[in-house]
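A structural walkthrough
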Protein chains: 2
Amino acid sequence: MSNRVKVIAILVARPNKSEELRSLIDGMVALSRKEPGNLRYDLWRDPTDPDRFVLDELYADTDAVAAHRATPHFQNYAPPIQ
Amino acid sequence: MSNRVKVIAILVARPNKSEELRSLIDGMVALSRKEPGNLRYDLWRDPTDPDRFVLDELYADTDAVAAHRATPHFQNYAPPIQ
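Residues numbered from 1 in each chain as written. Chains lettered and ligands numbered in written order. Predicted model: local features only at pLDDT ≥ 70, side-chain atom pairs only at ≥ 80, totals over all residues. Heavy atoms only, no water.

What follows deals with the overall build of chain A. Looking only at helices and strands, chain A has three helices and three strands in total. Secondary structure of chain A in N-to-C order comes out as β-α-β-β-α-α. Along the three orthogonal principal directions, the C-alpha set of chain A runs to about 35 × 30 × 20 Å. Across the 82 residues of chain A, 43% fall into the buried class. Excluding contacts between residues fewer than 6 apart, the proportion of contacts in chain A whose partners are at least 24 apart in sequence is 58%. When the accessible surface of chain A is summed, it comes to about 4,800 Å², and 54% of that surface belongs to carbon and sulfur atoms. Charged side chains of chain A number 11 positive and 12 negative; the gap between the two group centres comes to 1 Å. (Helix = DSSP H or I, 4+ residues; strand = E, 2+ residues; numbered from the N terminus. Buried < 20%, exposed > 50% of the residue type's maximum accessible area, 1.4 Å probe, protein only. Contact = heavy atoms within 4.5 Å. Areas by Shrake-Rupley, 256 points an atom, 1.4 Å probe, with all protein chains shown as cover. Lys, Arg positive; Asp, Glu negative; His and termini not counted. Charge placed at Lys NZ, Arg CZ, Asp CG, Glu CD.)

If you want it as structure tokens, here you go:
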């Protein structure tokens with residue numbers, strides 16, 4: 001297998017918070033795709049459960065993942081989704 | 001969102017069966033990628049748990065998913081991974 005790093009994040013909204021979660025994640029898509037080491041940052045929603053989102057992320061290598069997690073947009077995004 | 005269908009399959013091998021599972025899934029990759037409606041069929045292995053595999057699949061639409069599941073290679077593959 002390659003050096004690329006696949007990240008699959010499964011996020012489930014708290015009750016009545018799915019649109020809030022959706023907009024939080026939406027804010028990450030464009031910014032993350034601009035990162036030099038990002039190869040994919042796709043948001044999917046579970047058709048059987050609208051509170052359930054899946055982020056399909058792909059990075060060039062582990063450094064690119066670390067760079068992603070050091071960005072201001074990730075730092076702002078991470079706390080509310082814990 | 002598009003008509004495309006994303007399938008993320010998380011497979012965990014039974015004890016001492018990870019190489020057997022790996023070769024079962026490997027057999028699916030080339031055949032699945034040849035299907036007309038398949039857009040992606042990538043196999044990933046959890047770097048922290050060698051018994052844990054993730055299949056990242058993408059299909060043109062729900063008909064393509066149904067066609068995938070009707071193929072001989074899927075029919076042969078499905079029972080042993082239940």
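Having put the structure on the table, let's press on.
A separate point is the pattern of salt bridges. Tallied over the entire structure, the rule returns 18 salt bridges over all chains. Note that D46 of chain B and R52 of chain B form a salt bridge whose closest N and O atoms lie 3.1 Å from each other. Where salt bridges share partners, they join K6, R40 and D56 of chain A together with K6, R40 and D56 of chain B into one cluster. (Salt bridge = Lys/Arg side-chain N within 4 Å of Asp/Glu carboxyl O.)

Residues and elements named next belong to chain B. Sheet architecture is open: three strands sit in the order β1-β3-β2, paired in antiparallel fashion. Two strands lie at the open edges of the sheet, namely β1 (5-12) and β2 (38-45), each paired on one side alone. Between one strand and the next, the sheet's axes are offset by a mean angle of 10 degrees, whatever the strand orientation. The pairing of β1 with strand β3 (residues 52-59) spans eight bridges and is antiparallel. Looking across to β3, one finds that V12 is bridged to R52. (Pairing = 2+ DSSP bridges. Axes fitted to C-alpha atoms, helices over the stretch in contact; angles between N-to-C directions.)

Let us now look at the packing of aromatic side chains. Residues and elements named next belong to chain A. One pass over the full model with this rule turns up two aromatic pairs over all chains. A centroid spacing of 5.9 Å and a plane angle of 55 degrees characterise the contact between F74 and Y77, whose relative ring orientation is tilted. Remark: Y77 and F74 occur in helix α3 (residues 72-77); sequence separation between them is three residues, near one turn of the helix. (Phe/Tyr/Trp six-rings, centres within 6.5 Å; stacked < 30°, edge-to-face > 60°.)

Here we come to the relation of the copies chain A and chain B. For the match of chain A to chain B, the screw axis carries a shift of 0.0 Å, the RMSD comes to 0.0 Å, and the turn is 180 degrees. The transformation just described matches what one would write down for a two-fold rotation axis. (Least-squares fit on C-alpha atoms with pLDDT ≥ 70 in both.)

The next point concerns the sheet that holds strand β2 (residues 38-45) of chain A. Residue and element names in this part refer to chain A. Spatially, three strands are ordered β1-β3-β2 in an open sheet, and the strand pairing comes out antiparallel. Only two strands of the sheet have a single neighbouring strand rather than two, namely β1 (5-12) and β2. Across the sheet, the axes of successive neighbouring strands diverge by a mean angle of 10 degrees, strand direction being ignored. As paired elements, β2 and strand β3 (residues 52-59) share seven bridges and run antiparallel to each other. Residue R45 lies in a different strand from β3, and its bridge partner there is F53. Docked against the sheet, helix α1 (residues 18-33) engages β1, β2 and β3, running at close to 160 degrees with respect to β2.

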